[in-house]
Amino acid sequence: MRLPTFDGHNDVLSRLHGAAGDPVRRFLDGDGEGHVDLPRAEAGGFAGGCFAVFPCSPFRGVEEADAVDYASPVARERALAEVLGQVALLLRIERAAGGRLRVARSAAELDGPGVAAVLHLEGAEPIDAGLEALDVLHAAGLRSLGLVWSRPNAFAAGVSFAFPGTPDEGPGLTALGRQLVRACAGRGILVDLSHLNERGFWDVAALEHGPLVASHSGAHALCPSPRNLTDEQLRAIGASGGLVGINFHVGFLRADGADDPDTPLRTIAAHAAHVAELAGVEAVALGSDFDGATMPRELPDVAALPALHAVLAEAGFSAAELGLVARANWRRVLEAAWRT
Ligand code: ZN
């Protein structure tokens, strides 16, 4: 079941930036590694997605997830340098892609042939208090911003990866964080709530800047990870006209939180059904976390998206509902968030 799909989150730019060889050619020709490259995206019906640029946390000597030094803040200068490299990679891919990929800066540019890439900043560490970096990144194409990754910064606090746990950990937005949310609204940049803690979530909701969006998260009722959303949060997202991009990371899907690829695709469908029940089917979308997480074995990469659509259909989503989940909900919400 090959449906044009918009995916709320991938980390291919982090995967390829600084990797061996020519990262532009690796993406365009397909390197077969990780989860996303252009040939596999085209094969899977990937019509577009949010491409994250991400200032990485320092590692404690070894590059393993459990060795990431989450507690330490990331210095602004280092974060900015890292992010500029990843933005430049996306712009170079666009220049060399011959129309097969474009950076979408307006709702109209989400449509049409080829992949529509939405530039997303995952963690606002590169942004200065004067918002100069925000304006430059916006001019480069930035249209989505997550205040935090899973760590504290000058704007807000992110959730940990503790399991089990709740998103109600840490303080809400700082004064600078509220200023940044308003600045994003004024420029037509979506504010993404994935990785943000619960107090920060409600602080953003209170500002009423537009639809509440969590680009790559799941339902806490089905998997008690702090990265997932409580039923109360899901209802608020639905009431705001926003959406949840269901994350495919097995550790955010399974009731036991295990990092086990032997996780059936119907687990993703169960999260989608739960969000639909509490927030409405207009709030259900996809947010794979490709190239940044552990995928279920039946969904080894972006080329396998049709297998997921088939499972969603089996789970009871009608053809019209599948169209909403695969692409139309993201299309509607991005257009609303980009209206200034
Ligand atoms: Zn993430």
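Before any of the text, the structure's been laid out above.
An account of the accompanying structure is given in this report. Only a predicted model underlies this, so the values are computations on that prediction, with no experimental measurement involved.

Overview of the overall build of the protein
Moving on, step 1. Across its full length, the protein holds 11 helices and 9 strands.
Moving on, step 2. Expected size for 340 residues packed as a compact globule is a radius of gyration near 20 Å; at 18 Å, the protein falls within 12% of this value.
Moving on, step 3. Principal-axis analysis of the C-alpha atoms places the extent of the protein at approximately 50 × 45 × 45 Å.
Moving on, step 4. When burial is assessed residue by residue, the protein has 57% of its 340 residues classed as buried.
Moving on, step 5. Residue pairs at least 24 apart in sequence account for 72% of intrachain contacts in the protein once pairs closer than 6 positions are excluded.
Moving on, step 6. For the protein, the exposed area adds up to about 12300 Å²; of that, 55% sits on carbon and sulfur atoms.
Moving on, step 7. The averaged location of the 43 negative side-chain charges in the protein is 5 Å from the averaged location of its 28 positive side-chain charges.

Let's talk about the nonpolar core
Moving on, step 1. With 84 residues, the main nonpolar core has F27, F51, I127, L134, L145, L147 and L180 as its most contacted residues.
Moving on, step 2. Of the residues forming this core, the biggest block, 7 residues, is contributed by helix α9 (residues 266–279).
Moving on, step 3. I127 has contacts with R76, L121, A133, L134, L137, F155 and L180, leaving out every residue within four places of it along the chain.

A short note on the environment of G200
Moving on, step 1. In this fold, G200 is placed in helix α7 (residues 198–207).
Moving on, step 2. The exposure class of G200 is buried, given its relative accessible area of 0%.
Moving on, step 3. As for G200 and G172, which are separated by 28 residues in sequence, their C-alpha atoms are 4.1 Å apart.
Moving on, step 4. With residues up to four places along the chain from it excluded, the contact list for G200 reads G172 and L173.

Thoughts on the packing of aromatic side chains
Moving on, step 1. Within this structure, the stated rule accounts for 8 aromatic pairs.
Moving on, step 2. Between F27 and F51, the aromatic rings sit 6.4 Å apart at their centres with planes inclined by 75 degrees, giving edge-to-face as the arrangement. One end of the pair, F27, is in helix α2 (residues 23–29); the other, F51, is in strand β2 (residues 46–53), and 24 residues separate them in sequence. For the pair formed by F27 and F51, the shared burial category is buried.

Rules used throughout
- Residues numbered from 1 in each chain as written.
- Predicted model: local features only at pLDDT ≥ 70, side-chain atom pairs only at ≥ 80, totals over all residues.
- Heavy atoms only, no water.
- Helix = DSSP H or I, 4+ residues; strand = E, 2+ residues; numbered from the N terminus.
- Rg over C-alpha atoms; globule rule 2.2 N^0.38 Å.
- Buried < 20%, exposed > 50% of the residue type's maximum accessible area, 1.4 Å probe, protein only.
- Contact = heavy atoms within 4.5 Å.
- Areas by Shrake-Rupley, 256 points an atom, 1.4 Å probe, with all protein chains shown as cover.
- Lys, Arg positive; Asp, Glu negative; His and termini not counted.
- Charge placed at Lys NZ, Arg CZ, Asp CG, Glu CD.
- Core = buried A, V, L, I, M, F, W, Y, C linked by side-chain atoms within 4.5 Å.
- Phe/Tyr/Trp six-rings, centres within 6.5 Å; stacked < 30°, edge-to-face > 60°.

Bear in mind that shape data such as this cannot, by itself, settle questions of function.
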